[in-house]
Amino acid sequence: MALQVPHNGGQGVVCASSGGAEALVDIGRGLARRVATSGRPVELLDTSERMGLRKWRHAGIHLGHVRGGSIVLIVSDTSLTRREGQALAAWAAPDMADGAHVRGGPCVDLARGLSREFGADAVVFALFAQSGMHLSLHLRSGGLLRAWRVPGDTVWGEVARHGAAFTLGDLPMHPGVELLASLGMRTAGLVGLENGNGLAIGALGVASFGNLDLDVAHHLLARSPDLGREIMTRLSETPVPVPDEDGTVDLQALSRRVGCRRFAMYEIRGDKLRLVAAHARDGSRLASAPDANEEELVCWAVDKGVGVVNEDAAAVLIGDHTVLYAQDPSKRALERLRLALQDVRRNPFGGVAAADEEEADRDADLDAA
């Protein structure tokens, strides 16, 4: 059945129905209201008959936005599977979702635009994770249908590592894209993504129930440099620090990227260590002096020449003259440092940090005196 659900919280009105829908109107209205308010492409609900043993599965699918309300499709059957409900949602997703509440994270608008640009029915973002690759499948509306993980040795990992672009048919035959095939997709175009400086971050895929344009791989390859940077920006909680031409980097931006309670930068001058600056989680300057544990960990990192950790802090030697320190009992400090440095487009520690240049010059004069 199809129902029109008003925005003012009123009862959904049945527009059309097929089969034995009369007994399921109340369930359909409740599920339709959930779909209209959640913004998800599909909502699934399992029910059981009071007087019988049959169990029903209902799929609520958002069809589109009309003046004063939304149109929701309710499909009910005793043998409906979750994958069939997702396939129906992918097939029935609206091309235009202006004015509708669509749930799909920070890449909703990007996915919707790419779907229109390439004439695709689904857009997949596949990004490297600590284990394999994390995939997010968005529909034409931009809504997030499903997120899952795949091993790194699938077609997603192959295209990401090589920065390649190609078009696939016979999707069930290719490891990693079986889900697209199970939703009814016939063809897919994939391209590797990098962060703007040659570091692979994952891959992008577009898929269609029909046949994609023959030149889709070339178009994807041409768009990939900008897409990689845009995806990183959208998924980032804080702006990615970008070094200047001379290699300087804003320590406040870097500290926000690390996101730990205390972030400090030390400079090695001869056989001495000097604290350049310390920042809080929000990037603000800290005036508090380092404690004994911090000094010990930083010296240990210099002696070992690698990254070292203790219960709630970490210190990493960068090059020959810089040590970075992070401390936070609620986070893995070494991992936060590693990820933040990975995001920096090139090694910024060949010069003095821009945010503390004047203070560094002043301290240098004091040391000389």
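Residues numbered from 1 in each chain as written. Predicted model: local features only at pLDDT ≥ 70, side-chain atom pairs only at ≥ 80, totals over all residues. Heavy atoms only, no water.

Peer 1: Mind showing me how you'd approach the nonpolar core here?
Peer 2: Generally speaking, soluble globular proteins have nonpolar side chains that are buried together. Among the nonpolar cores identified, the biggest contains 36 residues, and Leu135, Leu137, Trp156, Leu171 and Leu180 are the most heavily contacted of them. If you look at the next biggest cluster of nonpolar residues, it comprises 20 residues, including Ala111, Val191, Leu204 and Ile231. (Core = buried A, V, L, I, M, F, W, Y, C linked by side-chain atoms within 4.5 Å. Buried < 20%, exposed > 50% of the residue type's maximum accessible area, 1.4 Å probe, protein only.)

Peer 1: What is the right way to look at the sheet that holds strand β8 (residues 144-150) in this model?
Peer 2: Within a sheet, adjacent strands bond to each other through the backbone by hydrogen bonds, running parallel or antiparallel. On the basis of which strands lie adjacent, the open sheet formed by six strands has the order β8-β7-β6-β11-β10-β9 and antiparallel pairing. With one partner strand each, in any of the chains shown, β8 and β9 (165-168) form the two edges of the open sheet. With direction set aside, neighbouring strand axes in the sheet form an average angle of 20 degrees. Packing of helix α4 (residues 155-162) onto the sheet brings it into contact with β6 (122-128), β7 (133-139), β8, β9, β10 (187-194) and β11 (200-208), and relative to β11 it is tilted by some 125 degrees. Strand contacts of helix α6 (residues 216-235): β6, β9, β10 and β11, with the helix running at about 55 degrees to β10, the strand carrying the most contacts. (Pairing = 2+ DSSP bridges. Helix = DSSP H or I, 4+ residues; strand = E, 2+ residues; numbered from the N terminus. Axes fitted to C-alpha atoms, helices over the stretch in contact; angles between N-to-C directions. Contact = heavy atoms within 4.5 Å.)

Peer 1: Before we go on, may I ask you to explain the pairing of strand β4 (residues 55-66) in this structure?
Peer 2: In regular strands, side chains alternate between the two faces of the sheet. In the sheet, strand β3 (residues 42-48) pairs with β4 via seven bridges, with the strands oriented antiparallel. Bridge pairing in β4 links Ser48 to Lys55. Linkage of β3 to β4, two consecutive antiparallel strands, is achieved through a turn of six residues. Relative to strand β5 (residues 69-77), β4 runs antiparallel, the two sharing nine bridges. Bridging across to β5, His58 finds its partner in Ser76. From the end of β4 to the start of β5, which pair antiparallel, there are two residues, and Gly68 there has a positive phi angle of about 80 degrees.

Peer 1: Would you explain α6 in this entry?
Peer 2: Since the α-helix turns once every 3.6 residues, residues separated by three or four places project in the same direction. For α6, spanning 20 residues, the distance from its first C-alpha to its last is only 25 Å, which falls clearly below the expected 28 Å at 1.5 Å a residue. For α6, the principal kink sits at Ser224 and spans about 50 degrees; a proline, Pro225, occurs within the next four residues. Listed in full, the buried residues belonging to α6 are Val216, Ala217, Leu220, Ser224, Leu227, Gly228, Ile231 and Met232. For α6, the elements touching its buried residues are α3 (108-118), β6, β9, β10, β11 and α9 (333-343). (Expected span 1.5 Å × (residues − 1). Bend = angle between axes of the 7 residues up to and from the residue.)

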